[in-house]
Amino acid sequence: MQRSSRPIRKMTLDRLENTLSVRGLTEYIQLLLEDDRQLQRVWVTGEVSSVHEHNRGLFFTLADPEGEAAINCVVWNTQRFKLGWEPKRGEQIIALGNIKLYSKRGEYKLTVFQCLPAGEGLQELRYQQLRSRLQAEGLFDRERKRPLPSHPRTIAVVTSPTAAAWGDIKRTLHQRYPGLTVLFSPATVQGMEAPDSIVRAIDLVDRDRRAEVLILARGGGSVEDLACFNDERVVRAIVTCKIPVITGIGHQRDESLADLVADYSAHTPTAAAEIVVPSLERLIDEHEDRVTRLVETVRERIDREFDRLEFLQQKLTRFPRTSRQLLQATGRVELLKHKLNALDPNAVLQRGYAVVREEDGSIVRSSGELAIDRPLTIQLGTGRVKVKVIAIEE
């Protein structure tokens, strides 16, 4: 059976009649908030988690001591000089103000008229206690930090897959060092689940064992957004990581406990990527510089050796051939030559002498050593003669 489309059409038209535009919804919420008499003058207590100077006023955030809620606040310059106490990060304050909704961003703020101190904030106290304990363990010491590899081939990155930081790091690494292997270990970098997620991502890189250095990164944000990088679990994971860790968290003004224990801390994710690898242009320049210095060194050595050779040749040319030392040495050589000639047995034989030898080659020195019919060899100046003894005369 075919159903009628009229009820559906009528219901759709009814819904369209009740639909609000974004502007209409925002104005309705604004009306509810700003017309509420209690919200027109309200005292709010909380911990100042962040403070930012602006040319129009002082912007700060009031957070619940347990970190479960926060509200953005502003003190305009026209009201700032009337404050009894100016907010400072980590302090517990009581703020008087009213609620204003800013339609362009769809967010509300507490416009503050007055501030009073209410003691040290619980979150700041916990942060300072943890920082002091870690510092006492020596985890911030410069001697503990490991040097970054000069030319790594494999780099691991821990950050959110949807964050702009991941795109900035990939682009920077590709531009500076083409062909580099980048291992991505995704993690949640904001919220209650972030600390455990970051610890798991670092552990995954550790167990993989391919990376030579690790980048832990996140873009800028409020103190509440970056709170996970002050978590002790994250700090311990960085300390126990087997490879050097470089952090690129937030903006230049931000500093977390993770930055303090990292082997190197950069101000931004892009800066971390620039530090961890040299640029291709710098590598080319370094190579050309080494080649130039090597060629210059070889040339200098060749020039020195040529100069030395020329010096020796000139010295040899100037050496006097009839010097006293040379004449004395020549005379001594001639004397030794004559002595050797005089002692030469062949020279003696040439003068008419002969040498009588036994069959075994021994020289006969006395007739008493001989016997009748004993064969002998007589060595003359030229040639030899074999004879027999026929008579012996004393």
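Quick note: structure is the one above.
For the structure given in this document, a descriptive report is provided here.

What counts, and where the lines are drawn
Per chain, the residues get numbers from 1 upward, laid out in the order the sequence is written. Two thresholds apply to this predicted model, a pLDDT of at least 70 for residue-level local features and 80 or more for giving and counting side-chain atom pairs, whereas whole-chain, interface and lining totals are computed over all residues. Side-chain descriptors were evaluated using all non-hydrogen atoms of the structure, hydrogens and water having been removed beforehand. Think of it in three bands: residues with accessible area under 20% of the maximum for their type are buried, residues over 50% are exposed, and the middle band is partly exposed, with areas taken using a 1.4 Å probe on protein chains only. Going along the chain from the N terminus, every DSSP run of H or I of four or more residues is numbered as a helix, and every run of E of two or more is numbered as a strand. Note on pairing: two strands pair once DSSP finds at least 2 bridges between them. Think of it this way: a Phe, Tyr or Trp ring, Trp meaning its six-membered ring, pairs with another when their centres are within 6.5 Å, and the plane angle makes it stacked under 30 degrees, edge-to-face over 60, tilted otherwise. A ring is considered to have a charge above it if a Lys NZ or an Arg CZ atom is located within 6 Å of its centre and within 35 degrees of its normal.

### Points about the pairing of strand E2 (residues 57–63)
Of all the seven residues making up E2, six are buried; the element is thus mostly covered by neighbouring parts of the structure. As paired elements, strand E1 (residues 42–54) and E2 share seven bridges and run antiparallel to each other. Directly across from Glu47, in E2, lies its bridge partner Ala63. Bridging between E2 and strand E3 (residues 70–76) involves seven bridges; their strand directions are antiparallel.

### Section: the packing of aromatic side chains
The geometry of an aromatic ring pair is captured by two quantities: the separation of the ring centres and the angle between the planes. In the structure shown here, the tally under the stated rule is two aromatic pairs. Taken together, a centroid distance of 5.8 Å and an interplanar angle of 90° make the contact between Phe59 and Trp76 edge-to-face. Of this pair, Phe59 sits in strand E2 while Trp76 is found in strand E3, placing the two residues 17 residues apart along the sequence. Its relative accessible area of 22% is what places Phe59 among the partly exposed residues. In this structure Trp76 comes out as partly exposed when scored by relative accessible area, which is 23%. Sitting above the plane of the Trp85 ring, Lys88 keeps its charged end 5.4 Å from the centroid. Positioned above the aromatic ring of Tyr102 is the side chain of Lys109, whose terminal nitrogen or guanidinium carbon lies 5.2 Å from the ring centre.

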